[in-house]
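What the coordinates show
Listed below, chain by chain, are the residues.
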Amino acid sequence: MTSTLGAMILTGGASSRMGVDKATQLWEGIAAVERVAALARAVGASPVVTVGGRSHGLPHVRDEPALGGPVGGVLRGAEALREAGCSRALILAVDAPTVQAADLAPLLRADGRGAAYKTLHLPMVLSLSALPADAEAGWPLARLAERAGLARPSCTAEVAARIRGANTLDERNALLACIPRDDSAEKPGAG
């Protein structure tokens, strides 16, 4: 049986430290959720679903319980991806729209249960069959990764800077420098 990769974008946080909805915040003219969804599609994930309070124009699953933490979102997203026939999940945070396909490649190549970078729990690739049966909302992502038996490769400081995400405006401003500039590229959702 071939592995079918789907993606979930975790959008359920309150964005209290940022002060605005992180999913709709523009990064070089493109909403964060659109950037992350485009990345997921570029690496072959289908479907791409958002997990949180709003759909943001993509297939969507509500967090239950609302604001139940990232593992709560992963559990809800895993249900949706299983129903869509997926056996693996690419789990992405909406607050890290600077992640690049090359950053995901080592995680996507991981055999077996999946992988997440050491000390940085998202992005994560997870075999849905490795999801612990007793996992629950409120668990830290580190516990989920450990209990699922994920590989934990290291990454460079440059990759870590891109995938760490932005919870504050200062972190966002620092990450804006990580976005490759291509003035000839069309900007989805612009106009």
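Refer to the structure above for everything that follows.
The notes below deal with the structure included here. Model, not experiment: these values are computed from the prediction.

1. Observations concerning the packing of aromatic side chains
What the rule picks out here adds up to 0 aromatic pairs. Taking NZ or CZ as reference, Arg 172 lies 5.0 Å from the ring centre of Trp 27, over its face.

2. Re helix H3 (residues 101-109)
Buried within H3 are the following residues: Asp 103, Leu 104, Leu 107 and Leu 108. Angular distribution of buried residues about the axis of H3 spans 125 degrees; they occupy a single face of the element. Opposite its buried face, H3 presents the exposed residues Ala 102 and Arg 109, each directed more than 90 degrees away. Residues of H3 that are buried make contact with strand E1 (5-10), helix H1 (32-42), strand E6 (88-93), strand E7 (114-116), strand E8 (124-127) and helix H5 (157-163).

3. Details of the sheet that holds strand E4 (residues 48-52)
Taken in spatial order, the 6 strands make up an open sheet running E5-E4-E1-E6-E8-E7, and their pairing is mixed. The sheet terminates laterally at strand E5 (60-62) and E7, the two strands that pair on one side only. On average, adjacent strands in this sheet sit at an angle of 25 degrees to one another, irrespective of strand direction. Packing of helix H2 (residues 69-83) onto the sheet brings it into contact with E1, E4, E5, E6 and E8, and relative to E1 it is tilted by some 145 degrees.

4. Quick word on the nonpolar core
With 36 residues, the main nonpolar core has Ile 9, Trp 27, Val 33, Ala 40, Leu 90 and Leu 104 as its most contacted residues. At the level of elements, E1, H1, E6, H3, H5 and helix H6 (169-176) are the ones that each hand at least two residues to this core. In terms of residues, this core owes the most to one element, H1, which gives 6 residues. Ranked by size, the runner-up nonpolar core spans 27 residues in total, among them Leu 75, Cys 86, Ile 91 and Leu 122.

5. A few points about H1
Along H1, the positions that sit buried rather than exposed are Ala 32, Val 33, Arg 35, Val 36, Ala 37, Leu 39 and Ala 40. Of the surrounding elements, those touching the buried residues of H1 are E1, strand E2 (26-27), strand E3 (30-31), E4, E6 and H3. One or two steps after H1, the chain reaches Gly 44, where phi turns positive at roughly 95 degrees.

6. Let's talk about the pairing of E8
Burial along E8 is two-sided: the face carrying Met 124 and Leu 126 and the face carrying Val 125 and Ser 127 are both buried. Relative to E8, E6 runs antiparallel, the two sharing 4 bridges. Residue pairing across strands places Ile 91 opposite Met 124, the latter belonging to E8. Note: E7 against E8, 3 bridges, orientation antiparallel. Within E8, the position partnered with Ala 115 by the bridge is Val 125.

7. Digging into the side chain of Asp 95
On the secondary structure map, Asp 95 appears in the loop between E6 and H3. Not counting residues up to four positions away in its chain, the partners in contact with Asp 95 are Lys 22, Gly 165, Ala 166, Asn 167 and Leu 175.

8. Examining the pairing of E4
Most of E4 is tucked away, with 5 of its 5 residues classed as buried. Both faces of E4 are covered, namely the face carrying Val 48, Thr 50 and Gly 52 and the face carrying Val 49 and Val 51. Relative to E5, E4 runs parallel, the two being bridged by 3 bridges. Along E5, the bridge assignment pairs Gly 52 with Arg 62.

9. Quick word on unusual backbone geometry
Looking along the chain, the bond that leaves Ser 46 and enters Pro 47 is cis, with omega of 5 degrees. Relative to the elements of secondary structure, Pro 47 occurs in the loop between H1 and E4. Cis rather than trans, the peptide bond between Leu 122 and Pro 123 has omega equal to 0 degrees. Among the structural elements, Pro 123 can be located in the loop between E7 and E8. We note that His 56 has phi near 55 degrees; this positive angle belongs to a residue other than glycine. The backbone of Thr 119 shows a phi angle near 70 degrees, a positive value even though the residue is not glycine. Examined against the element boundaries, Thr 119 turns out to sit in the loop between E7 and E8. Classification of Thr 119 by relative accessible area gives exposed; the value is 65%.

Parameters and conventions
Residues numbered from 1 in each chain as written. Predicted model: local features only at pLDDT ≥ 70, side-chain atom pairs only at ≥ 80, totals over all residues. Heavy atoms only, no water. Phe/Tyr/Trp six-rings, centres within 6.5 Å; stacked < 30°, edge-to-face > 60°. Lys NZ or Arg CZ within 6 Å of the ring centre and 35° of its normal. Buried < 20%, exposed > 50% of the residue type's maximum accessible area, 1.4 Å probe, protein only. Helix = DSSP H or I, 4+ residues; strand = E, 2+ residues; numbered from the N terminus. Arc of directions from axis to C-beta. Contact = heavy atoms within 4.5 Å. Pairing = 2+ DSSP bridges. Axes fitted to C-alpha atoms, helices over the stretch in contact; angles between N-to-C directions. Core = buried A, V, L, I, M, F, W, Y, C linked by side-chain atoms within 4.5 Å.

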